[in-house]
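A look at the structure
Listed below are the residues making up each chain.
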There are 2 protein chains.
Amino acid sequence: MAGKLYVVGIGPGSYEDMTIRAAKILQESQVIAGYTVYVDLIREQLGDKEFLATPMKQEVDRCRAALAKAAEGKQVAMVCSGDPGIYGMAGLVLELAGDYPQVEIEIVPGVTAACTGGAYLGAPLIHDFAVISLSDLLTPMETIEKRVRAAAAADFVLCIYNPSSKKRADYLKRACGWILESRRPETVCGLARNVGREGQSVEVLTLKELAERETDMFTTVFIGNSQTRALEGRMVTPRGYRYE
Amino acid sequence: MAGKLYVVGIGPGSYEDMTIRAAKILQESQVIAGYTVYVDLIREQLGDKEFLATPMKQEVDRCRAALAKAAEGKQVAMVCSGDPGIYGMAGLVLELAGDYPQVEIEIVPGVTAACTGGAYLGAPLIHDFAVISLSDLLTPMETIEKRVRAAAAADFVLCIYNPSSKKRADYLKRACGWILESRRPETVCGLARNVGREGQSVEVLTLKELAERETDMFTTVFIGNSQTRALEGRMVTPRGYRYE
């Protein structure tokens, strides 16, 4: 009997922030797989299941374990934070799927950090934007630099995932330096930390101030375009509607 | 008594695709406001409510009507398809909010078309990407052109909203022309039509083929980066994980 693997976006973390479809799929699944932290976020609500939790940096093993379980005929849900298609596991699962031809795969989208962080900050992504990860674990730094400069020069709003970590403490500062080559220091920016989880906070600040901020892997960074404004403590990018 | 206005992303359209939080807020609200088509998508599930549906191109009136209802002390939910912060009403509501200082505003994120369409196509947005609308109703065509060229040259995956309409029948073809200046004609692309609604379909094709396709405002277009592949009919962008 063929099994099925769902790759499920759970959104920022709390049970309420996943879609009704995602919650139903998790309830129906026999096995819940994923990175330990995300599995723990939802373990309580799911009751009696088989859990396959794997630590960070074991992505290939995690995907193979989930595919192998599904190949046994089980319904497996692999959880990802945010959306599984944005820096998530959907891609790797589909790349490895050829080795498990009997497994049906379905990707179930979720609310990504750009949308969650954006909502708490205001409306920074109302106009064209670029999403860039500053992690150079899997991407050469020259590629990241080229993309940051190009997006800044073309006046995209920038949404930055993985802005820094302990080993990459100065990466956000470097990125701000590249952006400052084409954007004013007063450009309106935003930080969204731990959004949808404990210790959630947002901050609206200038690009010049952002360059001096320390961040971590639970922070999403927003850099406004030339039109973005700070309105009553919120970060708002206009679309261009006229009103009086 | 001060009212509250929620600006709620309902995702692609079917009730199941909104978050549990969004569904709760709609159930609790006294008034449901929004563009007629989106209000009709969820009217059935909501029963006895006051509905404030407004046709297209009346965005300012729509937002003011919702803010005015909330100013009367009501709990109002304004629905947007996808995420309200991505080409949605969250920005305009916050821009107009200064005229209704007694109204509390909360933005409730949803699953945007980039994520829904991406999930049905496979995993096109696994690496850095740019989201661009080809609608020049509110944005000069030179700005759009500059952004499309910049994103293509920096090897971003592109996700295109509003690729064309009756009045703008050749816009996608023009955009493909700009992209072909720096990308191969064989670049893997995807089309996601009416995803999450009746008549849903997806297609994986080359950039050269895409340039000849007719699309409409219910289609989201994906243009892969130099690494994106077609795998078993799906569009997959690798993140860079190594495996055997």
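Structure: see above.
Residues numbered from 1 in each chain as written. Chains lettered and ligands numbered in written order. Predicted model: local features only at pLDDT ≥ 70, side-chain atom pairs only at ≥ 80, totals over all residues. Heavy atoms only, no water.

Time to look at the overall build of chain A. Scanning chain A from terminus to terminus reveals 8 helices and 13 strands. Taking 18 Å as the expected radius of gyration for a compact globule of 244 residues, we find that chain A reaches 19 Å, a close match to that expectation. With respect to the three principal axes, the spread of C-alpha positions in chain A is 60 × 40 × 30 Å. Looking at chain A as a whole, 60% of its 244 residues are labelled buried. In chain A, of all internal contacts separated by at least 6 residues, the share reaching a separation of at least 24 is 69%. Within the structure as shown, chain A displays about 9600 Å² of accessible surface, and the carbon and sulfur contribution to it stands at 48%. (Helix = DSSP H or I, 4+ residues; strand = E, 2+ residues; numbered from the N terminus. Rg over C-alpha atoms; globule rule 2.2 N^0.38 Å. Buried < 20%, exposed > 50% of the residue type's maximum accessible area, 1.4 Å probe, protein only. Contact = heavy atoms within 4.5 Å. Areas by Shrake-Rupley, 256 points an atom, 1.4 Å probe, with all protein chains shown as cover.)

The next point concerns the packing of aromatic side chains. In this description, an aromatic ring pair is defined by two values, namely the gap between the centres and the angle between the planes. This model, assessed by the stated rule, comprises 4 aromatic pairs over all chains. Sitting over the ring of B:Y171, B:R174 keeps its end group 5.1 Å from the ring centre. (Phe/Tyr/Trp six-rings, centres within 6.5 Å; stacked < 30°, edge-to-face > 60°. Lys NZ or Arg CZ within 6 Å of the ring centre and 35° of its normal.)

A word on the sheet that holds strand β1 (residues 4-9) of chain B. Residue and element names in this part refer to chain B. Strand order in the open sheet formed by 5 strands is β3-β2-β4-β1-β5, with parallel pairing between adjacent strands. Every interior strand has two partners, whereas the edge strands, β3 (50-54) and β5 (104-108), have only one. On average, each strand axis in the sheet is inclined to that of its neighbour by 20 degrees, with strand direction left out of account. Here 5 bridges tie strand β2 (residues 31-35) to β3, and the two strands are oriented parallel to one another. Looking at β3, one finds that G34 is bridged to A53. Across the sheet, helix α1 (residues 20-28) lies against β1, β2, β4 (75-80) and β5, angled at about 140 degrees from β1, the strand it touches most. Against the sheet, helix α3 (residues 59-71) contacts β1, β2, β3, β4 and β5, and its axis sits at roughly 160 degrees relative to β4. (Pairing = 2+ DSSP bridges. Axes fitted to C-alpha atoms, helices over the stretch in contact; angles between N-to-C directions.)

Bringing helix α6 (residues 141-153) of chain B into the picture now. Compared with the 18 Å implied by 1.5 Å per residue over 13 residues, the 18 Å span of α6(B) between its first and last C-alpha is a close match. Restricting attention to buried positions, one finds in α6(B) the residues B:M141, B:I144, B:R147, B:V148, B:A150, B:A151 and B:A152. Those residues of α6(B) that are buried lie in contact with α6 (141-153) of chain A together with β7 (129-133), β8 (157-161) and α7 (171-180) of chain B. In the stretch just after α6(B), B:D155 is the one whose phi turns positive, near 60 degrees. (Expected span 1.5 Å × (residues − 1).)

Turning next to the interface of chain A and chain B. Of the residues lining the interface, 71 residues belong to chain A; the matching set on chain B comes to 71 residues. Summed over both sides, the interface of chain A with chain B buries roughly 6300 Å², with 59% coming from carbon and sulfur. Of all residues in chain A, A:E95, A:R147 and A:Y241 bury the most surface against chain B, accounting for 12% of the area lost on that side. Put simply, chain A and chain B have 40 residue pairs in polar contact (both at pLDDT 80 or more) between them. For the side of chain A that touches chain B, the element with the most residues is helix α4 (residues 90-96) of chain A, which contributes 6 residues. In terms of residue class, the side of chain A that touches chain B is made up of 37 nonpolar, 15 polar and 19 charged. Summarising the sheet, strand β7 (residues 129-133) of chain A and β7(B) pair through 3 bridges and their orientation is antiparallel. Counted as the bridge partner of A:V131 is B:F129 from β7(B). (Buried area = accessible area lost by both parts, 1.4 Å probe. Polar contact = N/O pair within 3.5 Å; in protein donor to acceptor, adjacent residues only side chain to side chain. Nonpolar A, V, L, I, M, F, W, Y, C, P; charged D, E, K, R; others polar.)

What follows is about the environment of B:E28. Residues and elements named next belong to chain B. Looking at the element boundaries, E28 is found in helix α1. Assessed through its relative accessible area of 51%, E28 is described here as exposed. Residues E28 and Q75, spaced 47 residues apart in sequence, show a C-alpha to C-alpha distance of 8.0 Å. In this structure, E28 is in contact with K49 and Q75, ignoring residues within four places of it in sequence.

With that settled, the discussion passes to the packing of α6(B) against α7(B). Residue and element names in this part refer to chain B. Interhelical geometry of α6 versus α7 gives an angle of 45 degrees and a closest axis separation of 8 Å. Our classification of the angle between α6 and α7 gives oblique. Remark: the crossing between α6 and α7 carries right-handed chirality. When α6 is examined against α7, the residues M141, E145, V148, R149 and A152 are found in contact with a partner set consisting of Y171, R174, A175, W178 and I179. Of the residues belonging to the contact of α6 with α7, the class tally is 7 nonpolar, no polar and 3 charged. (Parallel < 35°, antiparallel > 145°, perpendicular 65-115°, else oblique. Left-handed = near helix turned anticlockwise from the far one by under 90°.)

Attention now goes to the relation of the copies chain A and chain B. Turning chain A through 180 degrees and shifting it by 0.0 Å along the axis lays it on chain B, with an RMSD of 0.0 Å. Here the copies are linked by what is in effect a two-fold axis. A shared interface surface links the copies, since 100% of the contact residues of chain A are contact residues in chain B too. (Least-squares fit on C-alpha atoms with pLDDT ≥ 70 in both.)

On to the sheet that holds strand β6 (residues 122-123) of chain B. All names here are of chain B. The mixed open sheet is built from 3 strands, whose spatial order is β6-β13-β12. Taken across any chain shown, the strands that pair with only one partner, and hence form the sheet edges, are β6 and β12 (229-231). Direction of pairing for β6 relative to strand β13 (residues 234-236): parallel, over a ladder of 2 bridges. Within the sheet, the bridge partner assigned to G122 lies in β13 and is M235.

Okay, the side chain of A:K69 next. The topology assignment puts A:K69 in helix α3 (residues 59-71). Leave out the neighbours within four places in its chain, and A:K69 touches A:V31, A:E50, A:L52, A:K74 and A:V76.

Residue and element names in this part refer to chain B. Counted residue by residue, β4 has 6 buried out of 6 residues, so it is predominantly covered. Residue alternation in β4 divides its side chains into two sets, Q75, A77 and V79 and V76, M78 and C80, and both sets are buried. As defined by bridge partners, β2 adjoins β4 across 4 bridges and the pair is classed as parallel. Paired with V31 across the bridge in β4 is V76.

Our next topic: a nonpolar patch on the surface. Residues A:M56, A:M217 and A:F218 make up a contiguous nonpolar surface patch of about 260 Å² in total accessible area. Among the secondary structure elements, A:M56 is positioned in the loop between β3 (50-54) and α3. (Patch = residues over 30% accessible without salt bridge, like charges linked within 9 Å, V, L, I, M, F, W, Y side chains within 5 Å. Salt bridge = Lys/Arg side-chain N within 4 Å of Asp/Glu carboxyl O.)

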